[in-house]
Amino acid sequence: MYSTRCNLSSLAGAHQRRTEEWRSPHGQNFLFLSLEFAPRDTVLGWARSIINRPAYSNHQVVLLTHSYLNYKNEHIEKEKYDLDDANYGKSVWKKLVQPSKNIALVFSGHIGAANDIKKHIGFRIDKNSADKKVNQMTFNAQALGGGHQGSGGDAWLRVLEFLPDGKTVKVKTFSPLFALSTSIQDMAWRKESFDEFDIQLE
C-alpha cells in the first residue's frame, strides 16, 4: 500500500469554473471544483447542480475558491471590492458548503501580510447538513520573503499526502527554494503545529 501526494500552492483567484474527477490509487473517488473569486449566485448554483448529481453521491468533493477564510479562522463576510452578486466565505459556506452532503475539503487563498506567516493561513472544521466534518484550509504565501514586492512568497507550498486508510490527509509546508541549497535545507520544511498537521476525512 502507498500514499498519494498532491501539492497545494497559493491558490490564485479563478476566473472560470471547472471540475476534475480523480480516483486515488486506493480506490477513493474525488471530485474537484474550482470556483472564481467571490463566486456569483449562478456559479454557486452550477456547483450545487454538479455535486448533487447521483454519479457523484459517493465522491469526496474538494472545493477550491478564494477569499474564504481569514487568518482568525473566520469565514470572510465581505471585501472592499466593487463587485455585484459576489459571495465571500460566509455566503459560500451558507449557500453551498454547509447544505451539501459530500463537500469534505475547502481550500482557498487570498489573505496575507508582509512577512507574517500566521496571516497567510487559516483552518477550521464545521459540520455540513449530513453531520460530516468539513475541513477548510486557507494557505497563501505571496507577501512572504519581502512583502508584495519581494521574492513572491519564497516558493512556500502545501503538500497533502492522502494515506491508504482513505481518511487521513497529512499536511506539510515546504519550500523547494530553500531545499535547493545545502546551507539552508534545514529551513525547507516548516514544522510549527499550524504548518504540519493531520486532517481526518469522514
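Because the structure is predicted, anything quoted here is derived from the model rather than measured.

*Asks:* Honestly, helix H2 (residues 89-97) in this entry has me stumped. Any pointers?
*Replies:* Side chains of residues three or four places apart in an α-helix project in the same direction, reflecting 3.6 residues per turn. Those residues of H2 that sit buried are Gly89, Val92, Trp93, Leu96 and Val97. Each buried residue of H2 sits inside an arc of 110° when the element is viewed along its axis, so together they form one side. On its buried face, H2 sits against helix H1 (41-51), strand S4 (60-66), strand S5 (103-109), strand S6 (121-127) and strand S7 (133-139).

*Asks:* Even after reading the chapter, I still don't get the nonpolar core, so can you show me in this structure?
*Replies:* Across soluble globular proteins, nonpolar side chains have a tendency to be buried as a group. In terms of nonpolar packing, the biggest core is built from 20 residues, with Leu63, Leu96, Val97 and Ile103 touching the most fellow members. Contributing elements (two or more residues each) for this core: strand S3 (29-34), H1, S4, H2 and S5. In terms of residues, this core owes the most to one element, H1, which gives five residues. Filtering out sequence-adjacent residues up to four positions away, leucine 63 remains in contact with Leu33, Leu35, Val92, Leu96, Val97, Ile103, Leu105, Val106 and Phe107. Judged by nonpolar contacts, the second largest core, of 13 residues, contains Phe30, Phe107, Leu160 and Phe197.

*Asks:* Sorry if this is basic, but what is going on with the pattern of salt bridges here?
*Replies:* Working definition: two side chains of opposite charge can pair if their charged atoms are close together. By the definition in use, this model includes nine salt bridges. Close ionic contact of lysine 90 with glutamate 77 constitutes a salt bridge, the shortest N to O distance being 3.7 Å. Here lysine 90 is found in helix H2, whereas its partner glutamate 77 is found in the loop between S4 and H2, with 13 residues between them in sequence. A relative accessible area of 55% places glutamate 77 in the exposed class.

*Asks:* Explain the packing of aromatic side chains to me, please; I cannot follow it from the model alone.
*Replies:* Each pair of aromatic rings is reported with the distance of its centres and the angle of its planes. In this structure the tally under the stated criterion is seven aromatic pairs. Between phenylalanine 37 and tyrosine 81, the ring centres sit 5.2 Å apart and the planes meet at 85°, which makes this aromatic pair edge-to-face. Here phenylalanine 37 is found in the loop between S3 and H1, whereas its partner tyrosine 81 is found in the loop between S4 and H2, with 44 residues between them in sequence. Their ring planes at 40° and their centres at 4.4 Å tell us that phenylalanine 174 and tryptophan 189 sit as a pair that is tilted.

*Asks:* Which parts of the structure should I look at to understand H1?
*Replies:* Residues Val43, Leu44, Ala47, Ile50 and Ile51 constitute the buried set of H1. All buried residues of H1 fall inside an arc of 120° around its axis, so they share one side.

*Asks:* Looking at this model, I keep getting lost on the pairing of S4. Mind explaining?
*Replies:* Successive residues of a regular strand alternate their side chains across the two faces of the sheet. Judged by how many residues are buried, S4 sits mostly within the fold: six of seven residues are covered. Alignment of S3 against S4, held across five bridges, turns out to be parallel. Opposite leucine 31, over in S4, you have valine 61 as the bridge partner. This β-α-β element, S3 to H1 to S4, shows right-handed connectivity. As paired elements, S4 and S5 share six bridges and run parallel to each other.

*Asks:* I tried to follow the confidence of the model for the chain on my own but got confused; where do I start?
*Replies:* Parts of the prediction with low pLDDT should not have their coordinates interpreted in detail. Of the residues in the chain, 91% have a pLDDT of 70 or more, and the chain-wide mean is 87. Here strand S1 (residues 4-8) is the element of the chain with the lowest mean pLDDT, 50, and H2 is the one with the highest, 97. In the predicted structure, residues 8-15 sits below a pLDDT of 50 and forms 28 contacts with residues beyond four places in sequence or in another chain.

Quick notes on the rules
Residues numbered from 1 in each chain as written. Predicted model: local features only at pLDDT ≥ 70, side-chain atom pairs only at ≥ 80, totals over all residues. Heavy atoms only, no water. Buried < 20%, exposed > 50% of the residue type's maximum accessible area, 1.4 Å probe, protein only. Helix = DSSP H or I, 4+ residues; strand = E, 2+ residues; numbered from the N terminus. Arc of directions from axis to C-beta. Contact = heavy atoms within 4.5 Å. Core = buried A, V, L, I, M, F, W, Y, C linked by side-chain atoms within 4.5 Å. Salt bridge = Lys/Arg side-chain N within 4 Å of Asp/Glu carboxyl O. Phe/Tyr/Trp six-rings, centres within 6.5 Å; stacked < 30°, edge-to-face > 60°. Pairing = 2+ DSSP bridges. Right-handed = clockwise from strand over helix to strand, strands pointing away. pLDDT = per-residue confidence, 0-100.

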